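A look at the structure
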Amino acid sequence: MEFMKQYWAPLVCGLAIVAVLPLIVGYVVLVERKIMADMQARLGPMRVGPHGLLQPIADAVKLLIKEDIIPDDADKLVFWLAPVLSVGAALLAMAGLAIGPAFQIAQDINVGILFVVGVSAMGIFGIVLGGWASNSHYSLMGALRSSAQLVSYETAAGMALVCGLLFAGTLNVTSIVEAQRNQGIWFGLLAPVALFTYLVASIAETNRAPFDLPEAESELVAGYMTEFSGFRWSLYFLAEYTNMIVVASVATTLFLGGWLRPFSETRWLNFIDFFPPLLTAVIGVYCLMRTPKQPARVQQLFMLAVAGLCFAVAAVLASPVLVPIAKPSLAAAVRPFYAGIHGGFWFIFKVSAYIYFFMWLRFTLPRYRFDQLMRLGWHFLIPLSIINVLLIGIAMIVGVYYHLNGWRLLLATLPASIMALIIALFILALDQKGEAQKAPSRAPDSYA
Amino acid sequence: MLDQAIFYLFAGVAVVSAILTVTRRNAVHSAIFLITALLATAGIFLELRAEFLFIVQIILYVGGIMVLFVFVIMLVNLDVAVRQLQFARQKWVGLLISLALAAQVGLMLWSSRKIPGQGVPVLNAVPADKLPPNSEEVAKSLFSSYLLPFEIASVLLLVAMIGAVVMAKKRT
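Residues numbered from 1 in each chain as written. Chains lettered and ligands numbered in written order. Predicted model: local features only at pLDDT ≥ 70, side-chain atom pairs only at ≥ 80, totals over all residues.

For chain A, the helix and strand inventory stands at 16 helices and zero strands. The C-alpha radius of gyration of chain A comes to 24 Å, within 12% of the 22 Å expected for a compact globule of 448 residues. Dimensions along the principal axes, computed over C-alpha positions, put chain A at roughly 75 × 65 × 55 Å. Excluding contacts between residues fewer than 6 apart, the proportion of contacts in chain A whose partners are at least 24 apart in sequence is 77%. (Helix = DSSP H or I, 4+ residues; strand = E, 2+ residues; numbered from the N terminus. Rg over C-alpha atoms; globule rule 2.2 N^0.38 Å. Contact = placed C-beta atoms within 7 Å.)

Next up on the list: the overall build of chain B. A count of helices and strands for chain B gives seven helices and zero strands. Here chain B, with 172 residues, has 12% of them falling under the buried criterion. Of the contacts made within chain B by residues no fewer than 6 positions apart, 51% connect residues no fewer than 24 positions apart. (Buried ≥ 20, exposed ≤ 12 C-beta atoms within 10 Å, placed from the backbone.)

Moving on, we get to helix H5 (residues 124-133) of chain A. Across the ten residues that make up H5(A), a large majority, ten, are buried. Of the surrounding secondary structure, the elements contacted by the buried residues of H5(A) are helix H3 (76-94), helix H4 (112-121), helix H6 (137-168) and helix H11 (230-255) of chain A together with helix H2 (27-47) and helix H3 (51-75) of chain B.

Here we come to H4(A). The element H4(A) is extensively covered by neighbouring structure, given that ten of its ten residues are classed as buried. Listing the buried residues of H4(A) in full gives A:Gly112, A:Ile113, A:Leu114, A:Phe115, A:Val116, A:Val117, A:Gly118, A:Val119, A:Ser120 and A:Ala121. Residues of H4(A) that are buried sit in contact with H3, H5, H6, helix H7 (173-183) and H11 of chain A together with H3 of chain B.

Moving on to the domain arrangement of chain A. Residues and elements named next belong to chain A. Here the domain parsing of chain A yields domain 1 (1-65), domain 2 (66-260 + 369-438) and domain 3 (267-356). In this assembly, 15 residues from domain 2 lie in contact with ten residues from domain 3. Taken together, the residues of the side of domain 2 that touches domain 3 break down into eleven nonpolar, four polar and no charged. (Domains from an automatic or database assignment. Nonpolar A, V, L, I, M, F, W, Y, C, P; charged D, E, K, R; others polar.)

Residue and element names in this part refer to chain A. Contact geometry for H3 and H5: axes closest at 7 Å, N-to-C directions at 165 degrees. As far as their axial angle goes, H5 and H3 are roughly antiparallel. Note on packing geometry: the crossing formed by H3 with H5 is left-handed. In this structure, H3 uses Val78, Phe79, Leu81, Ala82, Pro83, Leu85, Ser86 and Ala89 to contact H5, whose residues at the interface are Phe125, Gly126, Ile127, Leu129, Gly130 and Ala133. Among the residues making up the contact of H3 with H5, the classes are represented as eleven nonpolar, three polar and no charged. (Axes fitted to C-alpha atoms, helices over the stretch in contact; angles between N-to-C directions. Parallel < 35°, antiparallel > 145°, perpendicular 65-115°, else oblique. Left-handed = near helix turned anticlockwise from the far one by under 90°.)

Core analysis: the biggest nonpolar cluster contains 135 residues, and A:Ile113, A:Val116, A:Ala160, A:Tyr198, A:Ala201, A:Ala251 and B:Ile35 have the highest contact counts within it. Ranked by residues supplied to this core, first place goes to H6(A) with 16 residues. Once you skip the residues sitting within four places of it in the chain, A:Ala160 turns out to touch A:Ala194, A:Thr197, A:Tyr198, A:Ala201 and A:Ser385. (Core = buried A, V, L, I, M, F, W, Y, C linked by C-beta atoms within 7 Å.)

A few words on the confidence of the model for chain B. Scored by pLDDT, chain B comes out at a mean of 81, with 80% of its residues at no less than 70. Scored as a whole, the predicted complex attains pTM 0.83, and scored at its interfaces, ipTM 0.77. (pLDDT = per-residue confidence, 0-100.)

With that settled, consider the environment of A:Leu376. Residues and elements named next belong to chain A. By secondary structure assignment, the location of Leu376 is in helix H15 (residues 370-401). For Leu376, a count of 20 C-beta atoms within 10 Å translates into the label buried. Between the C-alpha atom of Leu376 and that of Leu235, which follows or precedes it by 141 residues, the distance is 30 Å.

The interface is formed by 18 residues belonging to chain B together with 22 residues belonging to chain A. Those elements that place two or more of their residues in the side of chain B that touches chain A are H2, H3 and helix H6 (134-143) of chain B. Counting residues per element, the side of chain B that touches chain A draws most heavily on H3(B), at twelve residues. Within the side of chain B that touches chain A, the residues separate by chemical class into 13 nonpolar, four polar and one charged.

Of all residues in chain A, 92% attain a pLDDT of 70 or more, and the chain-wide mean is 81. Confidence scores differ between elements of chain A, with helix H10 (residues 217-220) of chain A showing the lowest mean pLDDT of 68 and helix H9 (residues 192-205) of chain A the highest of 89.

Right, let's talk about the environment of A:Gly126 for a bit. Residues and elements named next belong to chain A. Structurally, Gly126 is set in helix H5. Residue class for Gly126 comes out buried when judged on the 25 C-beta atoms lying within 10 Å of it. Every residue in contact with Gly126, bar those within four places of it in the chain, is listed here: Ala82, Pro83, Leu85, Ser86, Ala89 and Ala239.

All names here are of chain A. With their axes 8 Å apart at the nearest point, H6 and H9 run at an angle of 150 degrees to one another. Comparing the axis directions of H6 and H9 gives the class roughly antiparallel. When the axes of H6 and H9 are compared, the crossing they make is left-handed. Facing H6, whose interface residues are Gln149, Leu150, Tyr153, Glu154, Ala156, Ala157, Ala160, Leu161, Cys163 and Gly164, H9 presents Ala194, Thr197, Tyr198, Ala201, Ser202, Ala204 and Glu205. Across the contact of H6 with H9, the residue classes break down as eleven nonpolar, four polar and two charged.

The next thing to look at is unusual backbone geometry. All names here are of chain A. Despite not being glycine, Ala41 has its phi angle at roughly 55 degrees, a positive value. With respect to the helices, strands and loops of the structure, Ala41 is situated in the loop between helix H1 (2-39) and helix H2 (55-65). When the 6 C-beta atoms within 10 Å are taken as the criterion, Ala41 is described as exposed. The phi dihedral of Asn207 falls on the positive side, at around 60 degrees, and the residue is not glycine. Mapping Asn207 onto the fold places it in the loop between H9 and H10.

Another point: the environment of A:Val285. One can find A:Val285 in helix H12 (residues 275-290). By the C-beta count within 10 Å, which is 14 here, A:Val285 ends up partly exposed.

As C-alpha cells, this is what we get:
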C-alpha cells in the first residue's frame, strides 16, 4: 500500500492526460481550421454542432472506423511501431511539464526541462522509421528531410534554451518559474533574441509551415505519412499537435513566465487578476447572444450549455479574487486556491497565444525551399544562437559585477542581444556575398 | 525489492537488445535494437538516481547520434550491405576475446564476493531525498577538479569538428 500512496497521484494525472489529450488536440485542430477560415474570409466547419463545435468528435469516429491499410512490401513490425513511438514520446514529454505550482505529473525532476526536450526529440524516430518502413519513395524522402531538419534546428533550440537557463540557474521546471517571479521579469524579455530563436526552431522541429518540408503535399504527397491511413495516421497527427503543445509549454515555462500573471510582483497592477474571469464571462455572454440565431432546437440547447460552462468557469476564476475583497479574514485561506486556478489559466492562456502565433505564421508565409531552410538554420540561426549565448553570458557577468537584477538587468542583456543580432546578420551578409561570387547558379540539392 | 526488479528488467532488456543489434541482418532493425539498448542503459542510470546522466544519455546518444546513424543507414544502399556476409573472418577471435573479458569480469565479481571490503567497491545507499542535486554536482566536479581533462576533451572535439568541416568543404 505504501507503493500506491506514493504513485497513485502521478498515475491518475498521467492517465487523465493520456485520456484527455486527444480531445484537446481535436479541439486545437478545430480552432486551427476556424482561424484559417477566418483569415481566408470564410466560415470553416459549421455543420456538426453549432459552429462546428462537435466536428473533432465526428472526425475521431471517422478515423477510428476507417480501413487500416498496410502496404504489402512494408516492414510490418516497424510500420506498426513507428506511429506508436511518435505519440509515446510526445505524451511522455508532457509528464515533465508543470501547468501550475502544484500540477505536475513527474514532480520536481532535477533535470526537468532537459527531460521534456530530450524525450520529445525522440519522436523523430517515429517519423524516420515510419518513412522507411512504408517502402515508398515519397515517404523516405519525407523522413530524410525530417531528420535533417530536426538535427539542424535542435542545436539552435538548445542554445536558446541555454540562454534562458543562464538566468534561471536551474533545470527544474518549478524553480525556473520561481526564478522569474524573484527577478520580477520574464526571461523572454531579458533575452528576446533567444525567444525568437527558440520560436523559429520550435516551428521547424514540429514540422509546421513554413517549415513543413517533410510533408510538403505539393512535392511529396504527404511525406512520411503517405502510406499511413485511419488510426495510424491519426496517431501521427496526435503526436504532431501534442509536440506543438509541448514546445509551446517549454517556451512558456522558460521565456514567458510559466503560470505567473503579467507583472505578478507589482501590487498596483493587481487588477489584472480580474482579466481571467472577465474574459470567460464575455465569451459566455457572446454564446448567449448567438443562441437565438441557431437553426435547430438542439443546437440552441448546446449553445446554452456552452454559455453555462463559460459562466461556471468565470465564477470559479472570480471567487479567489472577490472573496478576499468581501472578507479579508479569508484571504490567507484562498491564496493556494488562487495560485492553482489562476496559474492554470495563465499557463494555458500563454500556451494558446504561442500556438495561435504558430497558426498565424502558417496561414501567412509560403513554404521554404529545402536549401533555403538549411541555409536559414546553419548560416543564420545557429551562429545567432551561439553568439547570443556568449554575449548573454558576458552580460550576466556584468550584471553580477554591478549588482543588477530584475528590470535593471535589461541594461546589460539588451545591448548583448542587439549586438548578437547585428553580428549574425553581418555573418549572413558576408556569407551571401561569398555565395554570389562563387557559384553562378546551380540547381538546389534536393535534401542535402 | 522493487528497485531490484526494475534493475533486472532494464539490464535484461539492454543485454537482449545488444545481442539482437549484432545478429539482425537488416541494418535498420539493428539500429532500433541499439536504441532500445541505449534506452535501457538510461533507465539503469535513472534507477541509480543519476538523473543528469540519464537525460544526457537520451539527448546525446538516442536523440543525436542514433538519429544520424539512421539517417546515414537510409542514405546508403542497403540491399548490398544486407547480401554481404559481414564480420565472418573475426568470428573465432571475437569469441575468444569476449570469453576472456567475461571470465575477467566474472572472476572480479566472484573474488570480491569472497573477501568483503575488497575488490568491487560497494557504495552505501543514500535515500533519494538526501542526495545533492545531480546536475549541479556534475558541473562542479567538471569545472573544478576535472577542468583540464574537460578542456582537453573539448579541444579534441573541436579539432574533430574543424577536420570534418575542412574535409566536407568542396574545393573550388
